[in-house]
Amino acid sequence: MSALFPKIAFRIGETPMSWASRQAAFHTGGRVVPFLNDLGIPVADLARGKRDAVERLCAKAGADPAEVIRDSIVAVGHRRFELCDEEFSAEFTTGPVTRFCPLCIAEDVDGHQHPGEAMRHRVQWRLAPYRTCPKHNLPMSDIRMGKWSDMLHELQAVPEALAEQLEVAKKRARREPSPLQTYVERRFAGETGPAFLDGQRVDQVCRAGEMLGGLLHYGPATKAAEMTEDMWDAAGRTGWSLLENGPEAIRTVLAETLTGCLRQNGHPSPRSAFGMLYGWLFASRLTKDPGPIRDIVRDVIVEHVPLVPGQILLGKAVEHPRLSSITSIAKAEGLHSKTLANVLRVAGVIEVGEEQKSARNVVADYAKAKVLIDRAKRAVPVTQVPDMLSASRPIVAELISLGQLTRIQDHGQLQSKLGKSIDGMSVQRTLKFIEGFGPLVEEPPETHVHLAKAAEKSRVTLRAILEMLFGQFLQTVYRLQGCHGFEAVLVSPDEIMVCIEDPPPDASDEIRFWMG
């Protein structure tokens, strides 16, 4: 077929298939499929916005391809499309549903000699969030004939449905476009909006807004499958107020929603609280990236819901949840749940009496518990410390009193054997300090004796001598070769007395007491 004459001008804002359908109606009086076949243009290629198909149609119709390409929804991958440099999923389109404004179509054909050549299907009508005609403030009409040709959205093929919807439109209540729809229109026009939204794909913004709005407007019991287009429109209006205020506003509302919905055990229930939002994000077959909303919901759940360490939550493992049950923490850390409950109770991490409940129902702050667990794993019974340090029990007692050795639970009322145990790190730290003294001697000098003997000769408490030792107030300290820990330490009673007579500025009251 040669170039078409007369020319049917492409109208800005209509789809390439609409333009082809108008030309078919004018030049052949028939449908678009045989018309494109005569032109040698595969109808599926034009429906998918393939550049070659669009350019061949423009060459036959005598039009600038740039204008037609700009209004083409182009397939760019599996169920992925692009329009005006904006990429989105197939669900962002109306799919096989033909959406239109009956009043716009009526104005197209009003007074026109060739109605089939006049009626245009707009590219905006192909977008799922576009549910209200901004010119007539009229809810859009949707039709689907159940045929393969629905994908063409050929208005000329459904005159009866157009006439029926025009009568329906005359009785429908009017409404202004939702702010979410307006955002979509402006974004495709190249305008900017809130930075938080502009940084996402347009379909992510809309789906998140509709799901948030659906939850807030209709409640968690409503299912997404039960939503009508009018309901989705209302949901988008409600969701917009959250979207435009940014992620913190979303977190706040979701946290309030979650904490207000409790299970029988008193813990927040994400499934019950988030309804369709939960169903969408937690779907096991969710293959499309929903955008920042997923991380926001995940953060809210981690902050308020007891989780199991290592649990997969929205595609990521929660290695150390903020909250977790005693059972889960104990299992992850290799402790007995009763032991852990006792440790946490003594430390004040859980309330008295909580440990009497089932361990799976007692919740603790994981970060706080982790610190205590690490200490518990390093616990050394007090009875073993003297051997580890080669020190007498009185020396060990004074080291604890000085804070040089620390208990696992440094608490006013230690009520567990574990709590009374010594932190193994403090034992190693003390031993390392002692082993740092020098020099080593094979025989004790006449001026130096062991700690107990020094206390006896100087008549000063072991506590005061230990403070001098660890405060490094004594100038000459020796270690006896072949001995371990405190058994090797040798100090001078004379030097102790000098320190007592002239204590350093930072000496404690214990030393100053002996000045006497």
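Residues numbered from 1 in each chain as written. Predicted model: local features only at pLDDT ≥ 70, side-chain atom pairs only at ≥ 80, totals over all residues. Heavy atoms only, no water.

K.L.:
Give a description of helix 24 (residues 462–470) that names residues and reports values.
P.N.:
With eight of its nine residues buried, helix 24 lies for the most part within the structure. Every buried residue of helix 24 is listed here: L462, A464, I465, L466, E467, M468, L469 and F470. (Buried < 20%, exposed > 50% of the residue type's maximum accessible area, 1.4 Å probe, protein only. Helix = DSSP H or I, 4+ residues; strand = E, 2+ residues; numbered from the N terminus.)

K.L.:
Which residues make up the packing of aromatic side chains, and what values do they have?
P.N.:
Under the criterion given, the structure shown has nine aromatic pairs. On the basis of an interplanar angle of 80° and a centroid distance of 6.1 Å, the ring pair of F88 and F188 is categorised as edge-to-face. With F88 in strand 3 (residues 86–89) and F188 in helix 9 (residues 179–188), this residue pair connects regions lying 100 residues apart in the sequence. By the burial criterion, F88 is buried, and F188 matches it. These aromatic residues form a ring-pair network of at least three members: F433, F437, F470 and F486. The residue whose ring lies beneath R207 is W232, and the NZ or CZ to ring-centre distance is 4.9 Å. (Phe/Tyr/Trp six-rings, centres within 6.5 Å; stacked < 30°, edge-to-face > 60°. Lys NZ or Arg CZ within 6 Å of the ring centre and 35° of its normal.)

K.L.:
An account of the sheet that holds strand 1 (residues 74–77) is requested, with residue identities and associated values reported.
P.N.:
Reading across from one edge, 1-2-3 is the order of the three strands in this open sheet, with antiparallel pairing throughout. In the strand order of this sheet, the two ends are held by strand 1 and strand 3, each with one partner. Pairwise comparison of adjacent strand axes, ignoring direction, gives a mean angle of 40° for this sheet. Of the strands in this sheet, strand 2 (80–83) and strand 3 touch helix 11 (residues 202–218), which is tilted by about 50° from strand 3. (Pairing = 2+ DSSP bridges. Axes fitted to C-alpha atoms, helices over the stretch in contact; angles between N-to-C directions. Contact = heavy atoms within 4.5 Å.)

K.L.:
Explain the environment of V202 residue by residue, including any values.
P.N.:
On the secondary structure map, V202 appears in helix 11. Classification of V202 by relative accessible area gives buried; the value is 0%. Spatially, the C-alpha atom of V202 lies 12 Å from that of T192, the residues being 10 residues apart in sequence. The residues contacting V202, other than those within four sequence positions of it, are E86, E87, F88, F92, V184, R187 and F188.

K.L.:
Which residues make up the packing of helix 13 (residues 247–259) against helix 14 (residues 270–281), and what are the values?
P.N.:
In contact at an axis separation of 8 Å, helix 13 and helix 14 are set at 135° when each is read in the N-to-C sense. When the axis of helix 13 is compared with that of helix 14, the two are oblique. You can see that helix 13 and helix 14 cross each other, and the crossing is right-handed. Facing helix 13, whose interface residues are L254, T257 and L258, helix 14 presents P270, A273, F274 and L277. (Parallel < 35°, antiparallel > 145°, perpendicular 65-115°, else oblique. Left-handed = near helix turned anticlockwise from the far one by under 90°.)

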